[in-house]
Structure formats: C-alpha cells, structure tokens
Amino acid sequence: MSAGSERGAAATPGGLPAPCASKVELRLSCRHLLDRDPLTKSDPSVALLQQAQGQWVQVHLQVGRTEVVRSSLHPVFSKVFTVDYYFEEVQRLRFEVYDTHGPSGFSCQEDDFLGGMECTLGQIVAQKKVTRPLLLKFGRNAGKSTITVIAEDISGNNGYVELSFRARKLDDKDLFSKSDPFLELYRVNDDQGLQLVYRTEVVKNNLNPVWEAFKVSLSSLCSCEETRPLKCLVWDYDSRGKHDFIGEFSTTFEEMQKAFEEGQAQWDCVNPKYKQKRRSYKNSGVVVLADLKFHRVYSFLDYIMGGCQIHFTVAIDFTASNGDPRNSCSLHYINPYQPNEYLKALVSVGEICQDYDSDKRFSALGFGARIPPKYEVSHDFAINFNPEDDECEGIQGVVEAYQNCLPRVQLYGPTNVAPIISKVARVAAAEESTGKASQYYILLILTDGVVTDMADTREAIVRASRLPMSIIIVGVGNADFTDMQVLDGDDGVLRSPRGEPALRDIVQFVPFRELKNQRTAQGAPGIHHAASPVAANLCDPARHAQHTRIPCGAGQVRAGRGPEAGGGVLQPQRPAPEKPGCPCRRGQPRLHTVKMWRA
C-alpha cells in the first residue's frame, strides 16, 4: 500500500468513501510483428509505461518488462503486470514492443522498436480484452502488427500456489541430441479458449527434465474455481521458434491436490496424433507434480474476526539526520509546550491501533542510535532499555519512554529498518507455529528519510507477507520520500531482490506531512482524523473478505477446499454449532493459517 491508497480510503467532499483500488492483472500477446532480424525472427518483449504528471514512466522497475520470447512474430507472454485500477481516475498506459538484443529485458536502448499502443486502463478493464494495431513513430502502422491485452480482476484472490513439475522418458525429437523440453500451463476459460498461466524454462538436452518451481495466484491459475479445467503442454524447444510438440494432459487444481496427497500426482503426456495412429501407443512420457504448496492469504479483518488480538509495536528513528534534539529545528526537539513531529505521528496513529489491543501494552523499539553502556550502534533496541520486556503501558507509556530515552542515546545511523521488521516477524512466526496464532502484529515505523538497507528491507517484507502482520511506515519531516514508494504494493506486487513476490500487500507508507495538512470538515487541522486513512488501509483486503476462507469466523464466507473444506465455488456458510472440544470456541481462538503440502 502507498499514499496512492489514500485515494481509496479518504472521504470524498460529499462524505462518502471514495472508490478503492482493485488489483488487475494484464496479460499480453502480439500478432504479425515486424521482423527486424536478417537471419532469424524477432525476439520480442513488451515494456509497460504509465503516464504520471504528463510523463511516461516504466511500471514495476524492480520487475522490468515481460520475458523475451525468442524467434517469434506471434508471441504469447507468460509474465503479467499487476496494476491498481481506480475507477475514478483516467490511468493512461503505453505498451512498447521491442526486438530485444541486450542480455536482459530491462533496458531498451539497444533494442529495435517494433511498435507501440496507448490506451487507458479503464478501456481495458471495461472490455476485458483489447486488440489494437501497433504504431511506429509519427503514427505509422507497423504493418499488420497487433497487440492484445487481457485484464483480469484479482482483488478477490485468496491464495497462492507453488508448483514444481518434472518429467521422465519424454520422446526424443532431435536427431543428433536429446529434446530440450519446456512446459506450458494453461487455464481453460468459459469460452473454452486457453489462457497461458505459466511457461517454464527450457531444460537443454534432457529427456527427464526437472523444471524450477514457480508461484501463481489462485485467481490466475483457475479463477479461484478449483474444478476449472487446466491443460499442460510439453514442447521440444527450437531456437527458430518452431517448437516440436511432445504431448499434453488435462487436470484440475482439485485433482492436483488430491493426487498429490495420495502420492499419485503424475499424468501420461499424450500426443493425440500418435494415439490415433498407433494402437500400441501409450504415451510420450510422464509428467510428475513434484511439489505443491498452497498458501492461503488472510486479510487483516479475517484475523480480527477470527478472534485475534492486535499486538502493536512502534519503532522510532534515532539517526543523526533528524538533527540535534537540543536544537529547535530538530525533528526530535522536546518542546515543553507542544509535541514534536515524532510524537504527533505516534499519538495520531497509535491511538487508532490501540483500540484493537486488549492489554494496551505496546512494544517500543528504536534504531540508528548509539546506546549505553558501550554506545554501540543498534537497530533494534528497547527504548525503555529493558531488553527482557520492551513493552510500555499504553501510548502514554511509549511517549514517556521516548522522552526518557532521547537524552541517553547518541543519534547516529544508518537508517536500517530490516532488523526491526525481521524481529517482529520472528515473533509473529513463533506465534503462528503454535497452531493458535491468536495475535495479529502491527509494526509502526517512524522515520525521517529513505531507508539505506532497501534490499534487505524488501526481503524482510516479502518474508513477513506470509505472517499475520502489517507494517505502517510514516515519513516524518520534509524529506523526499519518493524512493519509499517501492516498499508499497499499490503500484504492483513488491518483490524481493531475488524476484520472489510478496503474498500480501502488508505495507502502508505515507508522509506524515500529508496527513497533518488534511483538514476536518470544520476546517481545523485534524491530525487524528487524518490518520484514519493509514489505519483504513490495513483493512483494504477486508473489502474482499467475502472471497477468503475466514479463519474460524462463524457466519462468514468460505472459498476453495483443502482436506477439511469442500467445494470450489464460493458459498456463504451458516454459523456452525459449537462442538465440544472445538479449539475455535469462544475464548480459545484459533487460525487455520498457511496450508503447505510437500512430498
């Protein structure tokens, strides 16, 4: 989440909530591209740009553009773009197709431009499928080239699936070497058309390939309908783009789960032509589902309604960039007549969060300071200087601990927040491992600048996205916080430096000056009122809670199936009678969290 999410959380002038953002996946394909290569066909990829303040900027810099499809004039790309769709805004997009020559798909400088297309996100969402001609510079048609963009709303997605396939004894399609197989996974749509879900890498010269594991959302895989047909095709890769068909099989996600649990997750890879011509034909190899992990994703409200209590942790930036606390210009200046910026942010956001905390005891941590007695730099110290018990009594207790801590530490640096995120995540993971998971953890980070350990922070956030945890980052002061937006999931799925996507959007970032400058309906500064968008964004996923399987909430809506849940279609459930000995009865809340099945 980012400041952009405030548009969905803040109130409109009429007092009604503005429409919130919907997550939309964009899938791309092209036809009849120009051939810019003299000896082979073009190697196309597509870059997505979005208009911001009159300029075109590339979306998802950490993801780049689509993959490169080698030697193809009719590419179907497996990589998707995830964007936020705001009904009330005109969001202009530009798709640029390139014949890629560089070693990676992140730079367009050395690539040949094959054409572009401009439209609004609203047009794509309204039509669901848009096909437009590609245009060269000065509006000239790029021959018969077209690009097709398919939009799919994934706001109701309630899980991610991690799959790993291998095969054995595939047919050998090469004369002087062995086949170079790759696998394509398709979803069968309502119109019986095939939608590419994922394309694996090519395993060279191997009839018994083991493909790398991959993750897809349940929405992308089967539209959250576990009985929807799926189709897998296996090909022998050809560098000229003329891949040889090896075989195929059909299944469903429901069948995958059942077969994997029973240890029989394998399918004959069949070539229909061979089967029709040869009576003795059995298969062209066997494809095995080597691993299946199903990650259920729960929203903030799911945890609250499932019986969780909020555990609130505040982390305060004590780096030297805040200024000397004895100087009135410092963000940490203690003014006896009015609170400083840190105290304003702490109180405004903390008082909202404390309503959900039953014992009103908050962990209070600091980072970026030299602390006594050795005055070594620490990035996760208790501001009450009690490492055995870092909790304070209420927001007022945190304020007092902060005021007592400030004269005893030396402001230093750098601004590293990954250690504190990891520390809270470890506590959340330990709670979840007990099987009760009765706590939901909110981490409020107050900082005056862009974090210096961005890579480690992204990694920590992606890992924490699997846990019952949300993070609020409030930028204090007048620094340029533009680079902090990368931690937010509003402009796309946050990814770790290794490319692993976050399972949930758990981060909300906003500069406190934007909250502070908001006004109440009476025209007076409303800091407490202005902080409500921050807390509201924690509950954004709850707007789609009807699509998730509520963790032990009576009278909620369930989706999907596991060993204990039936059906694949969303059905409202009536409150179940309380069973003797049930761990979910009142006073003993329990969450059925991430499902994992492993061979």
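Residues numbered from 1 in each chain as written. Predicted model: local features only at pLDDT ≥ 70, side-chain atom pairs only at ≥ 80, totals over all residues. Heavy atoms only, no water.

## Section: the overall build of the protein
Threshold: Runs of E in the DSSP output that reach at least two residues are strands. Runs of H or I that reach at least four are helices, and both are numbered from the N terminus. Between buried and exposed lies partly exposed: a residue is buried under 20% and exposed over 50% of the maximum accessible area for its type, with that area taken using a 1.4 Å probe on protein chains only. Between two residues, a contact is recorded if the distance between any of their heavy atoms is within 4.5 Å.
Along the protein, the regular secondary structure elements total 13 helices and 28 strands. Counting the 599 residues in the protein, one finds 53% classified as buried. Intrachain contacts of the protein at a sequence separation of at least 6 include 71% that bridge at least 24 residues.

## Section: the nonpolar core
Quick reminder of the rule: We define the nonpolar core as a collection of buried residues of types Ala, Val, Leu, Ile, Met, Phe, Trp, Tyr and Cys that are connected through side-chain atoms lying within 4.5 Å of one another.
Core analysis: the biggest nonpolar cluster contains 37 residues, and Val314, Phe318, Ile383, Leu444 and Leu446 have the highest contact counts within it. Setting aside chain neighbours within four positions, we find Val314 in contact with Leu346, Ser363, Ala364, Leu365, Val398, Leu444 and Leu446. In this structure, Leu170, Leu183, Val234 and Leu289 belong to the second largest nonpolar core, which totals 32 residues.

## Description of the pattern of salt bridges
The criterion, for reference: The salt bridge criterion pairs a side-chain nitrogen of Lys or Arg with a carboxyl oxygen of Asp or Glu, the two atoms within 4 Å.
Going through the model one piece at a time under the given rule, you end up with 23 salt bridges. Salt-bridge contacts for Asp238 lead to Arg240; the nearest nitrogen and oxygen are separated by 3.3 Å. The class for Asp238 is buried, based on a relative accessible area of 15%. Given a relative accessible area of 52%, Arg240 falls into the exposed group. A single network of salt bridges, built from pairs that share partners, joins Lys215, Glu459, Arg463, Arg466, Arg498 and Glu500.

## A few points about helix 9 (residues 418-433)
Quick reminder of the rule: Expected helix span is computed as 1.5 Å times (number of residues minus one). Arc definition: directions from the helix axis to the C-beta atoms.
Helix length check: helix 9 (16 residues) gives 22 Å between terminal C-alpha atoms against 22 Å at 1.5 Å per residue, within 8%. Taken together, the buried positions of helix 9 are occupied by Ala418, Ile420, Ile421, Val424, Ala425, Ala428, Glu431 and Glu432. Here the buried residues of helix 9 occupy an arc of 160° about the axis, which is enough to place them on one side. Pointing more than 90 degrees away from the buried face of helix 9 are the exposed residues Arg426 and Ser433. Looking at the buried positions of helix 9, the neighbouring elements they touch are strand 17 (309-317), strand 18 (361-367), strand 24 (439-447), helix 10 (454-464) and strand 25 (469-475).

## A short note on the sheet that holds strand 23 (residues 410-411)
Note: strands within a sheet are paired through backbone hydrogen bonds, in either parallel or antiparallel orientation. The condition that has to hold: When DSSP finds two or more bridges between two strands, those strands count as paired.
Spatially, the 3 strands line up as an open sheet ordered 20-19-23, and their pairing is antiparallel. Each of the sheet's edge strands pairs with one partner strand only, and the pair in question is strand 20 (376-378) and strand 23.

## A look at the pairing of strand 26 (residues 507-511)
Every regular strand shows the same layout, with side chains that alternate between the two sheet faces. For strand 26, the tally of buried residues reaches 5 of 5 residues, placing the bulk of the element in the interior. Sheet topology places strand 25 next to strand 26; 5 bridges connect them, and they run parallel. Bridge pairing links Val474 to Val510 in strand 26.

## Focus on the confidence of the model for the protein
The condition that has to hold: Scored between 0 and 100, pLDDT is the confidence that the predictor attaches to each residue.
With 77% of its residues at a pLDDT of 70 or more, the protein has an overall mean of 79. Contacts of residues 1-19 to residues separated by more than four positions or lying in other chains number 52 contacts, the stretch itself having pLDDT below 50. Across residues 539-599 the pLDDT falls below 50, and counting only partners more than four positions away or on other chains, this stretch makes 132 contacts in the model.

## Some thoughts on the packing of helix 7 (residues 341-353) against helix 8 (residues 394-405)
Any two packed helices are characterised by how steeply their axes cross, that is the angle between the axes, and by the distance between the axes. Note the cut-off: Here the axes come from fitting lines to C-alpha atoms, over the contacting stretch only for helices, and the angles between their N-to-C directions go from 0 to 180 degrees. Here is the rule for angles: anything less than 35 degrees is roughly parallel, anything more than 145 is roughly antiparallel, 65 through 115 is roughly perpendicular, and the remaining ranges are oblique. Handedness of a crossing follows from how the near helix is turned relative to the far one, being left-handed for an anticlockwise turn of less than a right angle and right-handed for a clockwise one. Each residue is assigned to one of three groups, with Ala, Val, Leu, Ile, Met, Phe, Trp, Tyr, Cys and Pro labelled nonpolar, Asp, Glu, Lys and Arg labelled charged, and all others, Gly among them, labelled polar.
Where helix 7 meets helix 8, the closest approach of the two axes is 10 Å, and the angle between their N-to-C directions is 160°. Looking at the two axes, helix 7 sits roughly antiparallel to helix 8. When the axes of helix 7 and helix 8 are compared, the crossing they make is right-handed. Seen from helix 7, the contacting residues are Tyr342, Leu343, Leu346, Val347, Gly350 and Glu351; seen from helix 8, they are Ile395, Val398, Val399, Tyr402 and Gln403. A class-by-class count of the residues in the contact of helix 7 with helix 8 yields 8 nonpolar, 2 polar and 1 charged.

## A short note on the sheet that holds strand 15 (residues 266-268)
Strand order in this open sheet of 4 strands is 12-9-16-15, and the pairing throughout is antiparallel. Each of the sheet's edge strands pairs with one partner strand only, and the pair in question is strand 12 (214-217) and strand 15. Neighbouring strand axes in the sheet, compared pairwise and without regard to direction, differ in orientation by 30° on average. As paired elements, strand 9 (residues 159-168) and strand 12 share 4 bridges and run antiparallel to each other. Counted as the bridge partner of Val161 is Val216 from strand 12. Sheet strands in contact with helix 4 (residues 253-261) are strand 9, strand 15 and strand 16 (286-296), and its direction is about 100° off that of strand 16.

## Points about the packing of aromatic side chains
Our working rule: Note on ring pairs: Phe, Tyr and Trp rings are taken, using the six-membered ring of Trp, and paired if centres are within 6.5 Å. Classes follow the plane angle, with under 30 degrees stacked, over 60 edge-to-face and the rest tilted.
In this structure the tally under the stated criterion is 12 aromatic pairs. On the basis of an interplanar angle of 65° and a centroid distance of 5.3 Å, the ring pair of Trp235 and Phe245 is categorised as edge-to-face. Taken together, the residues Trp235 in strand 13 (residues 229-236) and Phe245 in strand 14 (residues 244-252) connect sequence positions 10 residues apart. Judged by its relative accessible area of 22%, Phe245 is partly exposed. Note on Tyr274 and Tyr281: the rings are 5.9 Å apart at their centroids and 75° apart in plane angle, and the pair reads as edge-to-face.

## Things to note about helix 4
Considered for burial, the residues of helix 4 that qualify are Phe253, Met256, Gln257, Ala259 and Phe260. Contact partners of the buried residues in helix 4: strand 9, helix 3 (218-222), strand 13, strand 14, strand 15 and strand 16. Within two residues after helix 4, Gly263 carries a phi angle of roughly 75°, on the positive side.

## Quick word on unusual backbone geometry
Of note, the amide linkage connecting Pro372 to Pro373 takes the cis form, showing an omega dihedral of 5°. Tracing the backbone shows Pro373 in the loop between strand 19 (369-371) and strand 20. Going from Gly413 to Pro414, the amide bond is cis rather than trans, its omega being 0°. Within the element layout of this structure, Pro414 appears in the loop between strand 23 and helix 9.

## Notes on the side chain of Arg228
Selection rule: N or O atoms closer than or at 3.5 Å make up a polar contact, with two conditions inside protein: a donor-capable atom paired with an acceptor-capable one, and, for residues adjacent in sequence, both atoms drawn from side chains.
Residue position: Arg228 is located in the loop between helix 3 and strand 13. From its side chain, Arg228 meets the backbone oxygen of Val188 in a polar contact 2.9 Å long. A polar contact of 3.5 Å, which involves the side chain of Arg228, links it to the backbone oxygen of Cys222. If we ignore the near neighbours within four places in the chain, the residues touching Arg228 are Arg187, Val188, Asn189, Asp190, Cys222, Ser223, Thr251, Thr252 and Phe253.

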